[in-house]
Every structure is written in structure tokens, then in C-alpha cells.
Amino acid sequence: MEKNRAGHAPKDQETVKAVSGHIYGFSYLRAVACVAIIILHVAYSAALMFGGSITQTQNIVSMIVVNCMMWAVPCFIMVTGALLLNKARKITYRKLFGQYILRVFGALVFFGMVFRIFDMVMDKELISLLGFLKGFYEIFTGTGWSHLWYLYLLIGLYLLLPFYKKIAAHSGTNEMKYLLAVYLIFLSLLPLLQMGNVYTGFYIHVSTIYPFYLFCGYAVYSGIIKPGKALSAALAAIGTVCIAALTAVRWIGDYAVMEQLWGYSSIFVILQAVGIFSLFLDMKEEGFTFFKKILTRLDQCSFGVYLIHMLFVRLIIRYMQFNPYTNGGILAFIGLILGVLLISWLVTWVLRKIPALKKIV
């Protein structure tokens, strides 16, 4: 089969595959990103809970691990862009609201209330109507469990998806590159000036970096941008090394202003996410090893694992007061991460057996 970039089939065949076939690289990426998010939340929760009793070195290593996992959510969004902005994928308003948005909104309400009940039980609050109403208030205001922010993000992207699809469908190669460049300059590079208290008067009328990732995933997958394996690996390595080094500088010198260097709009996170996305895109079904089978199965439950895992992270670290720093160090962290992953995976698998919940997890 003729290739148009390293390991990629021609656009028309890729289009058909994206609509009707399974893209193994995306399954592997989503599964690994799911694990990365658990690593991030375990390391951050432990550092936050026991930060007053750990050494500076332990804190720096923890924050390096946290910040180096920031590529995960951008890669989720890039996969979404690659699939949903595909010209051959027709999305009616009925499908948009009845399938995509309804699923995310249902997950938000269900898990928002589950977490609210968990809080009431663990904090020994009185189980009352007011307590449940507070749960709905938190869902509406986005003041519940912090990791649910991703669901609000998805709903916002889905609501504008019809217009994003028009942009993707009617943009030429140079126009798509221009759009990505504008996003990159105004939402990633120029904000860096704020670290020196320099605020530019120029801006574009968008509020977040996330549409950039949506369009970037589409552009890389469709071949508009062709980084190739070598450059992709370099981007991932450069982004990761810079994040790690700058994180160490931030905590050694207590430079709080540097925190924006590993937010989702950070140029280093962008380099890291684009490089990793492109590398996984080149992975094919050939050599379908046992490990790849595990990743494929995990991918099927990745959305549910993302939603559920924080319940066990909070239970173990906050309420059971398990301190991995003093109870085994690195081995304790590895055990905790694997334990949270496996039990979250198991619970998701069980929930998917329930017809009413299968559609949202």
C-alpha cells in the first residue's frame, strides 16, 4: 500500500478507516494516557497531602512526575479531533446531542452525585435533601471534584463541533497551518511574557488552548502536518526534558510565576503532546502482542477509569492516610498506581455490564 507519510496510508483510505475501522494507535494512546493521568493524580495528591513532611528532593521529584504527565489530556483531545473532524464522519445534531453530549452530561451528573454521596459519608455529613441539592449545585457550578473539569471541556467542544467541522472541511493545508500558528502564538507563546509582568494588548477572541489540540490532532492525522518519527521523538523528548528541568528550577528557587510553563497552553506541553500523539499514530496492529491486547482492553474502559480512579486515590491517600513516602517510597507509589488502576478498571468493567450505565462509562 502506498504511504503518504511515515507509516500512514493515503488520506482517502485513512478517512475510511477512521469512520469504519479500528485505529490501534489511538487505542494504545488512550490507554497509556489513562495510566499517565492516574500517575499524575497519585503523585500530586500525595505531595499535596504530605507536602509538609517530605524533603525538597521528594517534592521536586513528585512535581516533575506530575508535570511530565500533562500531555495526557491534550492527547485525548487530539484523538477526538482526528476522529470527529474527519470529513467523512457525518455528525447530525441529533447524534451530537443524543449521543456525544448526552453521554458526557449523563456521566457528569451520575459521577458528580456519586462523589457527593462519598463526601457526605466520609466527612460524616448528615444525609439530607440539602446535601443532595448541594451536589447538583456543585455540578452546575463546576465546584465538585476537580478532575471532572474534563467533562465540562468536552461538552464545550462538542457544542461548537459543527462549526469546527466546517473549518476543518473547508480549510486548505496552508489555512489549517495558519490557524494552528495563530492559536500557538496568542495562546501559548505571548502569555509567557506575563512571567515578566509584560502584558500584550493583542489577543484573539478565543479563551482556551483546547481547540488548538482538536485541530492539531486532525492536522497531524490527515497529513497536513507531517512531523515524522524522528522529529516526533525529538519533540516529545525536548518537551519532557524542558518540563523536568524547569520544574526543578521552579521549586529550588521557589519561583511560583513559573507554574504556567506546564499548563496545557505551555509550549513545552504542546511539543510533548504533539510528539507523543504522532509517535502512537505510527503504531499499527502488526505485532499484536499480549501487552497491546491489554492496552486495547484498557482503552475500552478508559473513560470510566478516568472518572472513577479519583475516588480510590482520595480514599487511600486522604481518608486512610496512606503515606507512600514513608511506606515504601517508589515501590509504594508503583503499587498504589497499579492498585488504583486495576480496581478502577474492575469497577468500570462491572458498571459496563449495567445497561443504564454502559452508555456513559
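Heads up: the structure comes first, above all this text.
These lines cover the structure that appears in this document, whether it is placed above or below.

Calculation rules
- Residues numbered from 1 in each chain as written.
- Predicted model: local features only at pLDDT ≥ 70, side-chain atom pairs only at ≥ 80, totals over all residues.
- Heavy atoms only, no water.
- Salt bridge = Lys/Arg side-chain N within 4 Å of Asp/Glu carboxyl O.
- Buried < 20%, exposed > 50% of the residue type's maximum accessible area, 1.4 Å probe, protein only.
- Phe/Tyr/Trp six-rings, centres within 6.5 Å; stacked < 30°, edge-to-face > 60°.
- Helix = DSSP H or I, 4+ residues; strand = E, 2+ residues; numbered from the N terminus.
- Lys NZ or Arg CZ within 6 Å of the ring centre and 35° of its normal.

1. Some points on the pattern of salt bridges
Okay, step 1: The tally for this structure, following the rule as stated, stands at five salt bridges.
Okay, step 2: Notably, a salt bridge pairs R250 with E259, separated by 2.5 Å at the nearest N-O pair.
Okay, step 3: Residue R250 is classed as buried on the basis of its relative accessible area of 7%.
Okay, step 4: Each of R250, D254 and E259 takes part in salt bridges that share partners, so that together they form one network.

2. Things to note about the packing of aromatic side chains
Okay, step 1: Per the counting criterion, the structure on display carries 19 aromatic pairs.
Okay, step 2: Ring plane angle 45° and centroid distance 6.1 Å describe the contact between F76 and Y150, whose orientation is recorded as tilted. Here F76, found in helix 4 (residues 72–84), pairs with Y150, found in helix 7 (residues 149–159); they are 74 residues apart in sequence, far enough to count as distant. Each member of the pair, F76 as well as Y150, is classed as buried.
Okay, step 3: Relative to Y210, the ring of W149 has its centre 5.8 Å away and its plane inclined at 40°; by these criteria the two rings are tilted. Here the residue W149 occupies a position in helix 7, and Y210 occupies one in helix 10 (residues 210–222), the gap between them amounting to 61 residues.
Okay, step 4: Residue classification places Y210 among the buried residues on the basis of a relative accessible area of 15%.
Okay, step 5: Clustering of aromatic rings is evident, with ring pairs tying together F76, W149, Y150, Y210, Y264 and Y306.
Okay, step 6: A cation over an aromatic ring shows up here: R250 above the ring of W251, its NZ or CZ 3.7 Å from the ring centre.
Okay, step 7: When the ring centre of W145 is taken as reference, the NZ or CZ atom of R314 above it lies at 3.8 Å.

None of the figures reported here should be taken as evidence of function without further support.
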